[in-house]
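Below are the chains, spelled out letter by letter.
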Amino acid sequence: MNIGIDKIGFAMPNYYLDIKDLAENRGIEPDKFTKGLMQLEMSVAPRTQDIVTLGAAAALEILDDEDKQLIDMIIVGSETGIDQSKAASVFIHSLLAIQPFARSIEIKQACYGATAGLEMARNHIKNRPNSRVLVIASDIAKYGVKSGGESTQGAGSVAMLIKKDPKIAILNNDNVYQTRDLMDFWRPNYSIYPYVDGKFSTQLYLDCLTTTWNQYLKTNNKDIEDFKAICFHLPFPKLGLKGLNSILPEDVNNDTKETLNKNFNNSIIYSQKVGNIYTGSLFLSLLSLIEQSNTLKAGDNIALYSYGSGAVCEIFSLTLVKGFKENVKENRLEKDFSTRTRLSVAEYEDIFFKTIEVDNDGNAIFETNNDKMPFKLEKIENHKRIYVKNNK
Ligand code: HMG
């Protein structure tokens, strides 16, 4: 039975910051960000947008009524959870009006969680061929004003519908994974921002990549020439490029090298405008590749490198199916990206870092009139988050 991605959707907040504005304000040469990190813009979430509202909006883009009747599991991968106990997927299940006899859970392991979710979805459908599983990767990456990672922040969510006979790509069941107990990036419960050993994190990302890639090729008896594209977790696009260069053999043929480089460029277009969205970043790279490449065709294989600090990583592959291109969005750049509002640095500092404070009774109300997203956090009442659907 072929199981894989039937639909894939994306949501980001309506605000963005131009990375050159950030560089100039911080007294940094803009080229450091635009060329050194290959980052151009960053999505900025107001406090009325969180992993629930973004995740629900990403899923709303793809689901129809039949999906909502047949989905029996919702998995959210996230490391920016809004509750230590209740899973974000329970809120999302309700906002999307999915039939009641569904399982809703949240998976955490830094940027890796949704990859485990995908594998869980595949196994679930193997046992229940008529099921559909909604896997959502949703995160808001915040390092703080003037922090070392400030230029690599972002916000957004990718939703994938997993089922048998998928219309986009088959999951090939060739996954190879690795765990290393190391501290490159982590966020203790008492801290709103992560701690990060920036340089070490990039070395660990690359070392986990090369060692897992070699093991993946060996285990599956594959070669880099079996792939038309490789998608990477993209904390910033330049690290993905370093990753690609680190696994390209010296004697690789020129056609393969050119194809992989061209498709790499297609895979980073959205992330360059969104920033790091942790668990969603790898799947945003896949979405960008599929929507922006004009050369990929049915039968082409795509390898994916998932990396979550701490660290767990995984390499697996997908095969595109006939008609995949008709099942993704056209003109996302024009329709979604170009309609965002550009913020000044002062506005970004205000909007992105405004915290939620409740009064003594556990209440807080937000100014939500400007929030045009499909769902928003309207208020907190007696410590309970109250989400609403936007009627505008
Ligand atoms: P930094 O100190 O801001 O930058 O740290 P840098 O000094 O390393 O410079 C960056 C690049 O810009 C360098 O290129 C410079 O040469 C170049 P490279 O040598 O690496 O090729 N550069 C210039 N280029 C052109 N013109 C110029 C110029 N100046 C310098 N004028 C760092 C960068 C990524 C470390 C920092 O932003 C950071 O700490 N970010 C957060 C951590 C991170 O993203 N780590 C990535 C791996 S870990 C991961 O992926 C997991 C994660 O997503 C979390 C999770 O799993 O949950 C983060």
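Residues numbered from 1 in each chain as written. Predicted model: local features only at pLDDT ≥ 70, side-chain atom pairs only at ≥ 80, totals over all residues. Heavy atoms only, no water.

### Describing the overall build of the protein
1) Next: Looking only at helices and strands, the protein has 13 helices and 18 strands in total.
2) Next: For the protein, whose C-alpha radius of gyration is 20 Å, the value lies close to the compact-globule estimate of 21 Å for 392 residues.
3) Next: For the protein, the C-alpha atoms occupy an extent of roughly 65 × 55 × 40 Å along the three principal directions.
4) Next: Within the protein, the fraction of its 392 residues that count as buried is 57%.
5) Next: Here the protein displays about 16800 Å² of accessible surface, and carbon together with sulfur accounts for 46% of that area. (Helix = DSSP H or I, 4+ residues; strand = E, 2+ residues; numbered from the N terminus. Rg over C-alpha atoms; globule rule 2.2 N^0.38 Å. Buried < 20%, exposed > 50% of the residue type's maximum accessible area, 1.4 Å probe, protein only. Areas by Shrake-Rupley, 256 points an atom, 1.4 Å probe, with all protein chains shown as cover.)

### Examining the sheet that holds strand 2 (residues 15–18)
1) Next: A sheet is described by the order of its strands in space; here 3 strands give the open sequence 3-2-15, paired in mixed fashion. Edge positions in the sheet fall to strand 3 (41–44) and strand 15 (341–343), since each has one partner strand and no second. Between one strand axis and the next, the sheet turns by 40° as a mean value, whatever way the strands run.
2) Next: As defined by bridge partners, strand 2 adjoins strand 15 across 3 bridges and the pair is classed as parallel. Across the sheet, the residue bridging to Tyr15 is Thr341, located in strand 15. (Pairing = 2+ DSSP bridges. Axes fitted to C-alpha atoms, helices over the stretch in contact; angles between N-to-C directions.)

### Quick look at the sheet that holds strand 16 (residues 364–365)
1) Next: The 3 strands lie next to each other as 16-17-18, forming an open sheet whose pairing is antiparallel. Edge positions in the sheet fall to strand 16 and strand 18 (384–389), since each of these pairs with one other strand and no more.
2) Next: Pairing geometry for strand 16 and strand 17 (residues 375–381), over 2 bridges, is antiparallel. Opposite Ile365, over in strand 17, you have Lys379 as the bridge partner.
3) Next: Packing against the sheet, helix 3 (residues 51–60) makes contact with strand 17 and strand 18, and its axis sits at approximately 150° to strand 17. (Contact = heavy atoms within 4.5 Å.)

### Remarks on the site of the ligand
1) Next: Taken together, 30 residues lie near the ligand, and Glu79, Cys111, Ser201, Lys242 and Ser309 sit nearest.
2) Next: The separation between an oxygen atom of the ligand and a polar side-chain atom of Glu79 is 2.3 Å.
3) Next: Ser201 places a side-chain nitrogen or oxygen 2.8 Å from a nitrogen atom of the ligand.
4) Next: In isolation the ligand offers 1100 Å² of accessible surface; the protein chains occlude 74% of this area.
5) Next: Judged by the fraction of its atoms near the pocket grid, the ligand is located in the second largest pocket.
6) Next: Put simply, the parts of the chain that give the shell around the ligand at least two residues each are helix 2 (30–36), helix 7 (198–220), helix 8 (237–247) and strand 13 (301–308).
7) Next: Looking at the shell around the ligand residue by residue, the class counts come to 12 nonpolar, 11 polar and 7 charged. (Near = heavy atom within 4 Å. Polar contact = N/O pair within 3.5 Å; in protein donor to acceptor, adjacent residues only side chain to side chain. 1 Å grid on protein atoms, 1.4 Å probe; cavity = no way out; pocket = protein on both sides within 12 Å on 5 of 7 lines; lining within 4 Å. Sits in = over half its atoms within 2 Å of the grid points. Nonpolar A, V, L, I, M, F, W, Y, C, P; charged D, E, K, R; others polar.)

Keep in mind these numbers describe shape, not what the thing actually does.
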